[in-house]
Amino acid sequence: MTILESLNAALLSLLEEMPEVVLFGEDLLDPYGGAFKVTRGLQAKFPNRVLTTPISEAALAGLANGMALRGLRPVLEIMFGDFLSLCMDQILNHGSKFRTMYNDSVTVPVTIRTPVGGGRGYGPTHSQSIEKHFMGIPEIRIVAPSVFCQAGEVLEQAVRDERLVLFLEHKLLYTLQLFPESAGISCETVLDDRGYPAALLRNYDAGTPDVTLLAYGGMSRLLAPFLQRMAEEEIRILACIPTLIKPLPFEVLCRAASESGRVVVAEEGGLSWGWGAEIAARLHKTLFKELRAPVTRVGAADLAIPSARALERAVLPDEAAMESAVVEVLQ
Amino acid sequence: MTILESLNAALLSLLEEMPEVVLFGEDLLDPYGGAFKVTRGLQAKFPNRVLTTPISEAALAGLANGMALRGLRPVLEIMFGDFLSLCMDQILNHGSKFRTMYNDSVTVPVTIRTPVGGGRGYGPTHSQSIEKHFMGIPEIRIVAPSVFCQAGEVLEQAVRDERLVLFLEHKLLYTLQLFPESAGISCETVLDDRGYPAALLRNYDAGTPDVTLLAYGGMSRLLAPFLQRMAEEEIRILACIPTLIKPLPFEVLCRAASESGRVVVAEEGGLSWGWGAEIAARLHKTLFKELRAPVTRVGAADLAIPSARALERAVLPDEAAMESAVVEVLQ
Amino acid sequence: MIAPHLADKVESSADRCLVAAAEEELWPLYRQMYQIRCVEESFLKLYDRGLLFGTVHTCIGQEVCAVAVTSALDSQRDVVWASHRGHGHYLAFTGDLNGLVAELLGKSSGVCAGIGGSQHLHRGNFYSNGILGGTVACAVGCAFSEKMKGSNGVVAVFFGDGAMGEGIIYESLNIASLWQLPVLFVLEDNGIAQSTPKQFEHSGDLVTRARTFDIEITRMRADDVLAVHESCSSIVDLVRRSSRPHFLVLETTRLAPHSKGDDTRDPLEIAELKRRDPLRQHREVLHASNPSRLEALETEITQQLETSIAAAMDAGGLAPEDYLERADAR
Amino acid sequence: MIAPHLADKVESSADRCLVAAAEEELWPLYRQMYQIRCVEESFLKLYDRGLLFGTVHTCIGQEVCAVAVTSALDSQRDVVWASHRGHGHYLAFTGDLNGLVAELLGKSSGVCAGIGGSQHLHRGNFYSNGILGGTVACAVGCAFSEKMKGSNGVVAVFFGDGAMGEGIIYESLNIASLWQLPVLFVLEDNGIAQSTPKQFEHSGDLVTRARTFDIEITRMRADDVLAVHESCSSIVDLVRRSSRPHFLVLETTRLAPHSKGDDTRDPLEIAELKRRDPLRQHREVLHASNPSRLEALETEITQQLETSIAAAMDAGGLAPEDYLERADAR
Ligand SMILES: Cc1ncc(C[n+]2csc(CCOP(=O)(O)OP(=O)(O)O)c2C)c(N)n1
Ligand SMILES: Cc1ncc(C[n+]2csc(CCOP(=O)(O)OP(=O)(O)O)c2C)c(N)n1
Ligand SMILES: [Mg+2]
Ligand SMILES: [Mg+2]
């Protein structure tokens, strides 16, 4: 089953099971079924609860906030993650604030699903991993399926979450299979404090890892082959791939980090003030004595993501970048 | 001279000296002169170049981007920093992108001035230090005057900068004097790579500091008394207060950090994914062996900023929080 | 001008009955207006005395809008989204004097325990937020829910002429009309935004803005609370029955500063505006009809308010630790 | 239908002169339209062959809009903000075939060195970006600059019916009208947004949207490039002289998919639309008048294009290190 099929099936079962679920977004009319086809077939089945909308991202986020306050469980699709910038005010100053500023008298169970990331040559305004600008917002959650989780189940969990959740679907994952075959790699799933799954991959049978690699979302597609290659070079890697990326499932990350004391954080977004910045700050604080090398971050260059294939590749992080970082922390 | 007077004078001289400078924003008509009075008197003097606007923050940022592409040097006032969320798309997907995505064929010399921060009981949507959500944006600069700089000169520098600059004016600084008297504290100014000033305060005469404190903007108002108190307790502190806060003037920060090997970062914004996260990540990377304690961050609780005075005080960082952090890194 | 059916039509005895009935209806509306006025004037005084922290935007002069619209709503099933100038909306819709007073004084007995303050209120079906424009989209979302749940509820959302600068309002108008949602958009047009007269805020005629989205419009001066109340009742009824939005423009007058002491209008102009204060004009009608009843009403309101303020002053705030604890779960 | 002054009015000799003059004007306009069509069809083919990476939105069927509007502009002083569907705008306004072709093929000889790609173009007075709506505010800012500099330049900004869902467009219309800025808003109304028919995008009549901001409106079908060109010339002239915005609605037809292969419209409907393809209709007029001239023109265009593509295919890309270096300075 592909990630896309898994997400589509999850949305269908949510619609079937929870009458308060409403899906809406641009171009959701069947047969089109959304720009990336994640909702295909659903509008035809639930014409009153799956709505195609005008191109009005800000108001759509506001609608979701309002719906959630009054008993629905809206699932909004923003066509490209890049357009979340238009929802910033509704997320920061409305949806994320209501619960706290109304003295915990409401919940805002909104889910905003959106495809993120590069690799398709869509250029500077259609390729970003924009989530880093939202990570610092109190109250919300950011969730990203990887290839090492039941993507659909994670989406159901996000929709059932009482918080506003940004649900990030990396474009390059859609067509990939859940839990790809990966000879020599073990995969274990643990649940974080809030019940979201994190995958622990190991490319070794016994002993302790040399390096801990923390990554999420789209980066997960690179991990199985990367860990295999590292195994060939006799570098034991523990990769920890949470699905809840904000707030940090810190215990899970920290435990994984302690196993090796050498940490690489890999994310597709630009490095500065990204996911890894907060992780590095907290790991150094918590494991000051235990870390045997500085937490080393891998991410995109702090630049617009170019359209041309070679340039885009150069800007976005890849296996080679992860490998350099692994080598670096081992020195 | 107060910070407000200094900023007002700077805007006046910019208008006098640079015909391409245009100021605009909500309620800039004299005699009102803007919600915080920073532009008071200017609209009356330059009625064609100081414009009061409709309440349309998104379009205003777009206007600034367009003006800058065509030879003007717009200075936009956003009434409260909290409303920058409405400008997010124009900053992230337009203004910050043009130069890079148009292959360096344009510049976008936009300055967006905005009052930020709490302490006045304005509540969850009018008190934020919202800048952390913008720090990760490539290409832009974020500049914040402190009480230890010529605020007006820094504003002029920002307006003359070829980049899009977010210029953060902490509300509590407006009425304060530039370079407050502070017996026993020395203040030295250094320039970072990009020419923005950073102040170095020391509460000791000779020897090396025990702790390095990094802070910017509104936090600066607390520093002179705090350093004096620390001196009484015989804790030598070097405080480094840059005005360019993004991109990090890393050399300046790093040099200050090396002097003590014990670093506290204090910011008013919420801790997670804030200014200090990136600083901590980079300092640990660069000074892994030299740091004698983990970089310790002080910031707001990750919560909406409440209106009630006692609650607001509890959420925002103060001297006591800085003191605990100093004590912590000394242990 | 004020209540023509009270002042002018006194010829026949049938008319006299109507007048009496109408007057009887005026009492409770005036009561709300008077309460709002007293509460807000106290807030300004408390602020001046340093006892109220933060910000207040009073609706002094505009009370008719809040009272006439909310009195046409059913607080059990209808929803209100107030503007930044929302104390009047809150009092008129929820009747919760103590919760509001304590909220502004930052006490744990405040409707949001002092966290929200003046602009960030929620109780039951009432919501407000301090961001212009954004609330309108939230309100449309609420209306979607009410429609989908089949509650037959109507959502009223208040905003000012200045707020009409925000693009999200146009997005919201379009969607509310396209999806036929039961929203009553209430534009309180006081001709000014903070310090800026309307002619510097808007091109064209604000009133036609909703029409381009195929939304019906009603425009009236909000001087006569009974007349506005009656129109609102039929409009709310229409919105409820048709499940279609309606755009109500209430022309009104802000008599006090935008916030506190920040009025740059000509004092003479303000004085002139105050002479036409609807509250005073309604008061004169009631005073002419039954001065002692009026006095009793007003005494009751002011005493209630004094008690409320005294209680709030004595009350404690939410313990900071209790609030900070909430961050841990984030 | 097409060029009534060409087809119908052939009675008098004066008319005949007019016709000849008009026809002479048609040749260069047709040339541009034909070039745009050929270029975009090649892009689709290159994409299918895996040689073009990323995204393309073609304006196949809508060429009249780009050509008629930009030919009324003065590329020295006027400014164009294109939509996401902007290859036609680019070619017609800048004439830079090689820069566009190389850009889409990701080469350093591309107008933005391959960084921007299809939707993010800039050269001289031409700009585009991939965010719907946001470009309109940028365009208004440009117009402010031109007015302030006294350049007498006009800014034309293109957007679609779907984009009219974005609130920032209403904010921009208001400001352009309030500040009397020389903006020509060009709404290319093809009745569809990606896959969504207009009736699911908009309530009311799109055409009246600008009127509520006191902006003059012209609406016409964009079938006859000469007629539209002439109207545009007078409109641009008016905008330039009056320094006031104008809102031009061009009703047009998208004949190709939104992007590549993602057309869910009924193939029969598309076939029917294609029968009325304005490019073909103009071609027939010219063919009837001078087939050999037409053939020469078309051959020239296709050869130019082939050369351009061949050159771009051979060209190198910007060196990744050169690009990455730019990050250091950030
Ligand atoms: C998005 C946003 N921009 C600006 C403000 C600041 N502000 C608060 S009230 C106000 C004026 C509003 O005028 P209007 O909508 O006419 O309402 P009125 O104050 O007249 O009741 C402004 C500019 C805000 N709260 N939110
Ligand atoms: C802010 C934003 N939202 C959504 C999109 C994705 N998108 C690109 S084109 C398009 C349809 C636009 O329709 P219309 O404006 O009618 O132009 P047309 O494609 O018909 O030329 C959409 C939804 C975008 N680029 N920007
Ligand atoms: Mg107003
Ligand atoms: Mg269209």
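Please refer to the structure higher up on the page.
Asker: Just to check I follow, could you spell out the side chain of K260 of chain D for this structure?
Answerer: Residues and elements named next belong to chain D. Inspection of the secondary structure puts K260 in the loop between β9 (246–251) and α9 (267–275). This buried residue, K260, is left without a salt bridge; D262 holds the nearest opposite charge, at 7.6 Å. At 3.4 Å, the side chain of K260 forms a polar contact with the side chain of Y47. Each residue touching K260, except ones within four places of it in the same chain, is listed here: L44, Y47, G54, T55 and V56.

Asker: Please explain the coordination of the magnesium ion (ligand 4) as it appears in this structure.
Answerer: Six octahedral donors around a metal ideally subtend angles of 90 or 180 degrees, whereas four tetrahedral donors ideally subtend 109.5 degrees. All names here are of chain D. Here the magnesium ion (ligand 4) is held by the protein donor atoms D161 (OD), N190 (OD1) and I192 (O), which lie 2.0 to 2.1 Å from it. For the magnesium ion (ligand 4), all donor residues lie on one chain, and their spacing in sequence is D-x28-N-x1-I. A residue pair is termed long-range when its members are at least 10 positions apart, and D161 in the loop between β4 (155–160) and α7 (167–178) and I192 in strand β6 (residues 192–193) qualify at 31 residues. Considered together, D161 and I192 belong to a single accessibility category, that of buried residues.

Asker: Would you mind going over the site of ligand 1 with me for this structure?
Answerer: Taken together, 22 residues lie near ligand 1, and E57 of chain B together with R85, G162, A163 and N190 of chain C sit nearest. The local environment of ligand 1 is shared, drawing residues from chains B and C. Here H84 of chain C contributes a side-chain N or O atom positioned 2.8 Å from an oxygen atom of ligand 1. Measuring from an oxygen atom of ligand 1, one finds a side-chain N or O atom of R85 of chain C at 2.6 Å. Each residue belonging to the shell around ligand 1 can be placed in one class, and the counts come to nine nonpolar, eight polar and five charged.

Asker: Looking at this model, I keep getting lost on the pairing of strand β8 (residues 197–202) of chain B. Mind explaining?
Answerer: Within a regular strand, side chains alternate between the sheet's two faces. Residue and element names in this part refer to chain B. Among the six residues that make up β8, six are buried, leaving the element largely enclosed by the rest of the structure. The two faces of β8 match: P197, A199 and L201 on one face and A198, L200 and R202 on the other face are all buried. As defined by bridge partners, strand β7 (residues 186–191) adjoins β8 across six bridges and the pair is classed as antiparallel. Within β8, the position partnered with T189 by the bridge is A199. The antiparallel hairpin formed by β7 and β8 contains five residues in its connecting segment, where G195 sits at a positive phi of about 90 degrees. The pairing of β8 with strand β10 (residues 237–242) spans five bridges and is classified as antiparallel. Each residue of the ladder has a partner; that of A199, found in β10, is I241.

Asker: Where do I start with the pattern of salt bridges in this structure?
Answerer: Side-chain pairing between opposite charges can occur once the charged atoms of the two side chains come close. Applying the stated criterion across every chain yields a total of 72 salt bridges over all chains. With its nearest N and O atoms 3.2 Å apart, the salt bridge here joins E146 of chain C to K149 of chain C. A residue pair is termed a helical-turn pair when its members lie 3 or 4 positions apart in one helix, as E146 of chain C and K149 of chain C do in helix α6 (residues 134–149) at three residues. We classify K149 of chain C as partly exposed; its relative accessible area is 42%. Note that D237 of chain D is salt-bridged to R241 of chain D, the shortest N-O span being 3.2 Å. Taken together, the positions of D237 of chain D and R241 of chain D, both in helix α8 (residues 225–242) and four residues apart, correspond to about one turn of that helix. The exposed category is assigned to R241 of chain D, whose relative accessible area is 61%.

Asker: Is there a simple way to explain the interface of chain B and chain D in this structure?
Answerer: Across the boundary between the two partners, chain B contributes 40 residues, which contact 39 residues of chain D. Area buried by chain B at its contact with chain D is led by R70, M101 and Y102 of chain B, which between them contribute 24% of it. Where chain B touches chain D, the interface holds two salt bridges. A salt bridge links D104 of chain B to R326 of chain D; the shortest N-O distance between them is 4.0 Å. Our enumeration of links across chain B and chain D arrives at eleven residue pairs in polar contact (both at pLDDT 80 or more). When contributions to the side of chain B that touches chain D are tallied by element, the ones reaching two or more residues are β1 (21–25), β2 (50–52), α3 (57–69) and α4 (88–101) of chain B. Among the elements that line the side of chain B that touches chain D, the one with the most residues is α3 of chain B, at ten residues. For the side of chain B that touches chain D, a count of residues per class yields 18 nonpolar, twelve polar and ten charged.

Rules used throughout
- Residues numbered from 1 in each chain as written.
- Chains lettered and ligands numbered in written order.
- Predicted model: local features only at pLDDT ≥ 70, side-chain atom pairs only at ≥ 80, totals over all residues.
- Heavy atoms only, no water.
- Helix = DSSP H or I, 4+ residues; strand = E, 2+ residues; numbered from the N terminus.
- Buried < 20%, exposed > 50% of the residue type's maximum accessible area, 1.4 Å probe, protein only.
- Lys, Arg positive; Asp, Glu negative; His and termini not counted.
- Salt bridge = Lys/Arg side-chain N within 4 Å of Asp/Glu carboxyl O.
- Polar contact = N/O pair within 3.5 Å; in protein donor to acceptor, adjacent residues only side chain to side chain.
- Contact = heavy atoms within 4.5 Å.
- Donors = N, O, S within 2.8 Å, 3.2 Å for Na, K, Ca; no water.
- Near = heavy atom within 4 Å.
- Nonpolar A, V, L, I, M, F, W, Y, C, P; charged D, E, K, R; others polar.
- Pairing = 2+ DSSP bridges.
- Buried area = accessible area lost by both parts, 1.4 Å probe.

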